[in-house]
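Report on the structure
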Amino acid sequence: MTAQGKQDTFKQRAHDALADPNLKIAIDRTTNTAQTKRTAAVDAFPEFQAARERGAAIKDHVIANLDHYLIEFERNATDAGAQVHWARDAAEAADIVTRICTAAEAKIVTRSKSMLGEEIGLPHALDDAGIERVETDLAEHIIQLAQERPSHIIWPAMHRTREDVAELFFKDHQPPPDADDPASMVASARRVLREKFMSADVGISGANFLVADTGATCTVTNEGNAELSTTPPRVHIVTAGIEKLVPSTDHAMALLRLLVRSATGGEVTQYTTFHCGPKRSGDADGPEEMHIVLVDNGRSRMVGDEFRQMLRCIRCGACMNHCVVYRQIGGHAYGGTYPGPMGAVLTPVLDGLPQSRDLPHACTMNGRCEEVCPVRIPLKTLLKAWRVRSWDSQQEVGTVRMGLGLWGHAARRPWLYHLGTRLALPVMRLFGRGGWIRGMPFASGWTRTRDLPKPASRSFMSQHRKYGNGGPQ
Amino acid sequence: MIENPRVGLFVTCLVDAMRPQIGFATIKLLEQAGCVVEVPRRQTCCGQPAGNSGDKAGAAALAKQVIAAFEGFDYVVGPSGSCIGQIRSYPKLFADPGWRRRAEDLAAKSYEILSFLHDVRGWSPTDVRLEASATYHDSCSGLRELGVQAQPRALLERVEGLELVPLEGANVCCGFGGTFCVKYPDISTAILSEKTANIAATGADILLAGDLGCLMNMAGRLHREGAATRCFHTVEVLAGMSDGPAIGEEDK
Ligand code: SF4
């Protein structure tokens, strides 16, 4: 699901992002803080490595036994009074949600941030169905005012500076907030949203975990907006990917510790809520109906192939906070629902490789993402796997294929390779001024922004042949 | 520990063409550490360009060539974390058990030069002087695939007169990434500019790293920006061979 920027290419989007100095300021502010806090949180968690291993093992176990836990979850959630729905793909999922809303004669729907909601195109589906949609997460609220999509999975509006937000609020909120005072802006948003919370007919949330042995769903927020979105309305709808399952509450807690530290560097999130079925008789509050929409959308296909480990992802965002590419171009340039390294692996699954083949290629393979991933997803290996598929399905650019073909041909014939080097070096040196080459045919990708050191007049191999191990003296 | 191991030098295609001195410095250090060094002539490239582009067959073909050229040695050593990282990953390229076994054997005895000198040979420099201040960039493959981090610093500490200045974000990628830097030059340059700003902020005379690809990238940008920082491969300093031209300086 790619609402914006489908026509333009990754390179174009990246180029535009690089040209926007405010974007860079905004990204740096957020990700630098996130990095520092995460480092401190991990340092203060002596069992962190062991916890990562356990987190990865829990997810692997669930993925290997997904059918078992799905059936268990459905049974327990149903027993608790919730209605469980199954959606094969994004369209089906969005359709189920809108039909529940229509059946409930909903006029206003409050939504608590969920990336899965974005993945299945829920904001659009609700808008198209003529239902008033209110995003209740502060950042999502900003995004909604700006008519954009999230650019980060934890801080959806991180690409917007405080000044941007003040401007948006100035247009849509009364009275105008003070741009230098974030507290006044928050208060202004609270005033606008509070009214909506109480008048909504349906509240929609995602789930960080689905607990199989109790049938509960778990949400984690820092603003309490999930609770406010899901408690007052008559109907609560949860949309969740099938990989969110965990066997028990204990397992959810183990993953929660990893999630929070990796995402925000905190020890706990302000609000962690387990919802188990609708309001029971005697309950003071809660929805009358609870619906849980379990979404596949490509996930069951991943179970059976090399991208299986990607299903471990707990959506903490640490990989993007530490990614040199993400930190330059931001989330929108990726063009899919999920940005950064995890998005570069997931988007080709969701949108197809032809639409997103740049993503696994636009990576320096420096490996910092998998170094910080709390569930040890081998992101580099998975990105390489996409490159192999891209190569095998002839999607690699023709000139690159040809260049590599020639290189490989020579490299497999050492005599030819060494002869080629001997002949090429003096030619390359002709382009040099002093010790540097400032421009040379076929090298503009390099020399437009950096100089190229002039190569040696004679290769190591030919010098070594002549002078031996001591080299020329 | 083998007294005088036979070591096959993996030269790397960049060192071969761009800066042979790194190869000779590596030999010198290996010999100081008691190794008998040979340079097999049947070597060309480790296959990274193909491997990183998804051309598994092309990468496997080059892997076979490297395996055949080097399997007779006690060790394979190269002045590049990324090429040695590629050699260590050869087993993944083969389904055939025979080749896989040979790839595993080779991977197990392949080392990046600084970790080899420090961890395997317990060598450290004596009588090397350099009156300068230097900062060190951790190239990603060496750092994360091979755990090269403490070794170069420990060895550089032993160079008399050399002051090591910490580099902010030393473990952050410089934006090279092999073919990445020419396929996505805009993004690469944006990443690189942050790196060169950090390098400039150290005020060090010299930038050191363990991989020529990253060094050429950083040196090329520093020069374009007009910075006076001189760039060397760490082995050049350790071998006492940093009195000549730095990367990009006109040779005499
Ligand atoms: S891939 Fe790992 S680091 Fe990235 S969001 Fe998922 S769990 Fe977090």
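On to the overall build of chain B, then. Secondary structure summary: chain B contains 13 helices and eight strands in total. A globule of 252 residues ought to have a C-alpha radius of gyration of about 18 Å, and chain B, at 18 Å, matches this closely. Across its three principal directions, the C-alpha atoms of chain B cover 50 × 45 × 35 Å. Counting every position in chain B, which comprises 252 residues, the buried fraction comes to 64%. Across chain B, the fraction of contacts at a sequence separation of at least 24, relative to all contacts at a separation of at least 6, is 75%. Between the mean site of the 24 positive side-chain charges and the mean site of the 30 negative ones, chain B shows a separation of 7 Å.

As a further point, take the side chain of Asp201 of chain A. Here Asp201 of chain A is to be found in the loop between α10 (182–199) and β4 (202–205). Within the structure, Asp201 of chain A has its side chain in polar contact with the backbone nitrogen of Lys107 of chain A (distance 2.7 Å).

What follows covers the packing of helix α21 (residues 398–411) of chain A against helix α22 (residues 414–429) of chain A. Residue and element names in this part refer to chain A. Where α21 meets α22, the axes come as close as 6 Å, and the angle between the chain directions of the two elements is 115 degrees. In terms of orientation, α21 and α22 fall into the roughly perpendicular class. Note on element contacts: α22 touches α21 through Pro414, Leu416 and Tyr417, opposite Trp407, His409, Ala410 and Ala411. Of the residues assigned to the contact of α21 with α22, the class counts are six nonpolar, one polar and no charged.

In this section: helix α4 (residues 66–79) of chain A. Residues and elements named next belong to chain A. Here α4 contains 14 residues, and its C-alpha end-to-end distance of 20 Å stays within 8% of the 20 Å for a straight helix at 1.5 Å per residue. Residues Leu66, Tyr69, Leu70, Glu72, Phe73, Asn76 and Ala77 constitute the buried set of α4. Here the buried residues of α4 occupy an arc of 165 degrees about the axis, which is enough to place them on one side. The exposed set on the far side of α4, more than 90 degrees from its buried face, consists of Asp67, Ile71 and Asp79. Immediately downstream of α4, the backbone of Gly81 shows phi near 105 degrees, a positive value.

Residue and element names in this part refer to chain A. Looking at the ligand, the residues that line it are Cys313, Ile314, Arg315, Cys316, Gly317, Cys319, Met342, Cys373, Pro374, Val375 and Ile377. If you map the ligand onto the pockets, it falls in the second largest cavity. Within the shell around the ligand, the residues separate by chemical class into nine nonpolar, one polar and one charged.

A turn of α-helix holds 3.6 residues, and therefore any two residues three or four places apart point the same way. Residues and elements named next belong to chain A. Between its terminal C-alpha atoms helix α20 (residues 379–392) stretches 20 Å, which fits the 20 Å expected from 14 residues at 1.5 Å a residue. Those residues of α20 lying buried are Leu379, Lys380, Leu382, Leu383, Ala385, Trp386, Arg387, Ser390 and Trp391. Downstream of α20 by one or two residues, Gln394 has phi in the positive range, about 60 degrees.

Another point: the pattern of salt bridges. Residue and element names in this part refer to chain A. Scanning all chains against the criterion turns up 39 salt bridges over all chains. Here Asp60 makes a salt bridge to Arg312, at a shortest N to O gap of 2.7 Å. Here Asp60 is found in helix α3 (residues 48–64), whereas its partner Arg312 is found in the loop between α13 (299–303) and α14 (318–321), with 252 residues between them in sequence. Residue classification places Asp60 among the partly exposed positions, given a relative accessible area of 31%. The buried category is assigned to Arg312, whose relative accessible area is 7%. With a closest N to O distance of 4.0 Å, Arg160 and Asp164 form a salt bridge. Judged by its relative accessible area of 23%, Arg160 is partly exposed. Counted as one network, the salt bridges with shared partners bring together Arg111, Glu118, Asp127, Arg133 and Glu135.

Residue and element names in this part refer to chain B. Read from one edge to the other, the open sheet built from four strands follows the order β6-β5-β7-β8, with strand pairing classed as parallel. Because the sheet does not close on itself, it has two edges, and the strands there are β6 (160–165) and β8 (230–233). Between one strand and the next, the sheet's axes are offset by a mean angle of 35 degrees, whatever the strand orientation. Bridging between strand β5 (residues 129–136) and strand β7 (residues 206–209) involves three bridges; their strand directions are parallel. By the bridge assignment, Tyr136 is partnered in β7 with Leu208. Here helix α9 (residues 150–157) sits on the sheet in contact with β5, β6 and β7, set at roughly 145 degrees to β6.

The next thing to look at is the interface of chain B and chain A. Contacts between chain B and chain A engage 66 residues on the former and 67 residues on the latter. Carbon and sulfur atoms supply 59% of the area that chain B and chain A bury against each other, a total of about 5800 Å² over both sides. For the pair chain B and chain A, the number of links is 35 residue pairs in polar contact (both at pLDDT 80 or more). Of all the secondary-structure elements, those providing two or more residues to the side of chain B that touches chain A are α1 (13–18), α2 (20–32), α3 (48–53), α4 (56–70), α8 (140–146), α10 (180–183), α11 (185–202) and α12 (212–224) of chain B. Examining the composition of the side of chain B that touches chain A, we find that nine residues originate from one element, α11 of chain B, more than from any other. When grouped by side-chain class, the residues that make up the side of chain B that touches chain A number 33 nonpolar, 17 polar and 16 charged.

Residues and elements named next belong to chain A. A full pass over the atoms with the stated rule returns eight cavities of 30 Å³ or more. The space that makes up the largest cavity amounts to roughly 140 Å³. Along its surface, the largest cavity is lined by 19 residues, and Cys323, Pro341, Cys363, Cys369 and Leu383 are the ones closest to its centre. Of the residues forming the lining of the largest cavity, the biggest block, three residues, is contributed by helix α16 (residues 340–351). Broken down by class, the residue content of the lining of the largest cavity amounts to twelve nonpolar, five polar and two charged. If you trace the second largest cavity, you find 14 residues lining it, with Cys313, Cys316, Cys319, Cys373 and Pro374 closest to the centre. Looking at the lining of the second largest cavity residue by residue, the class counts come to twelve nonpolar, one polar and one charged.

Take the side chain of Thr31 of chain A next. Structurally, Thr31 of chain A can be placed in helix α2 (residues 21–43). Discounting chain neighbours no more than four positions away, the residues touching Thr31 of chain A are Met158, Asn321 and Arg327 of chain A.

Turning our attention to the sheet that holds strand β3 (residues 75–78) of chain B. Adjacent strands of a sheet form backbone hydrogen bonds with each other and so pair up, either parallel or antiparallel. Residue and element names in this part refer to chain B. With parallel pairing, four strands are arranged side by side in an open sheet as β2-β1-β3-β4. Where the open sheet ends on each side, the last strands, each with one partner, are β2 (36–38) and β4 (110–112). Ignoring strand direction, the axes of neighbouring strands in this sheet form an average angle of 35 degrees. Bridge analysis of strand β1 (residues 6–9) against β2 gives three bridges, and the strand direction is parallel. Residue pairing in the sheet places Gly8 in a bridge with Glu38 of β2.

It is worth spelling out a positive patch on the surface at this point. Together, Arg422, Arg458, Arg465 and Lys466 of chain A line one region of the surface with positive charge. Within the secondary structure, Arg465 of chain A is located in helix α24 (residues 460–467).

Each value, and the rule that gives it
Residues numbered from 1 in each chain as written. Chains lettered and ligands numbered in written order. Predicted model: local features only at pLDDT ≥ 70, side-chain atom pairs only at ≥ 80, totals over all residues. Heavy atoms only, no water. Helix = DSSP H or I, 4+ residues; strand = E, 2+ residues; numbered from the N terminus. Rg over C-alpha atoms; globule rule 2.2 N^0.38 Å. Buried < 20%, exposed > 50% of the residue type's maximum accessible area, 1.4 Å probe, protein only. Contact = heavy atoms within 4.5 Å. Lys, Arg positive; Asp, Glu negative; His and termini not counted. Charge placed at Lys NZ, Arg CZ, Asp CG, Glu CD. Polar contact = N/O pair within 3.5 Å; in protein donor to acceptor, adjacent residues only side chain to side chain. Axes fitted to C-alpha atoms, helices over the stretch in contact; angles between N-to-C directions. Parallel < 35°, antiparallel > 145°, perpendicular 65-115°, else oblique. Nonpolar A, V, L, I, M, F, W, Y, C, P; charged D, E, K, R; others polar. Expected span 1.5 Å × (residues − 1). Arc of directions from axis to C-beta. Near = heavy atom within 4 Å. 1 Å grid on protein atoms, 1.4 Å probe; cavity = no way out; pocket = protein on both sides within 12 Å on 5 of 7 lines; lining within 4 Å. Sits in = over half its atoms within 2 Å of the grid points. Salt bridge = Lys/Arg side-chain N within 4 Å of Asp/Glu carboxyl O. Pairing = 2+ DSSP bridges. Buried area = accessible area lost by both parts, 1.4 Å probe. Points joined across faces, edges and corners; volume = space filled by probe spheres on them. Patch = residues over 30% accessible without salt bridge, like charges linked within 9 Å, V, L, I, M, F, W, Y side chains within 5 Å. Areas by Shrake-Rupley, 256 points an atom, 1.4 Å probe, with all protein chains shown as cover.

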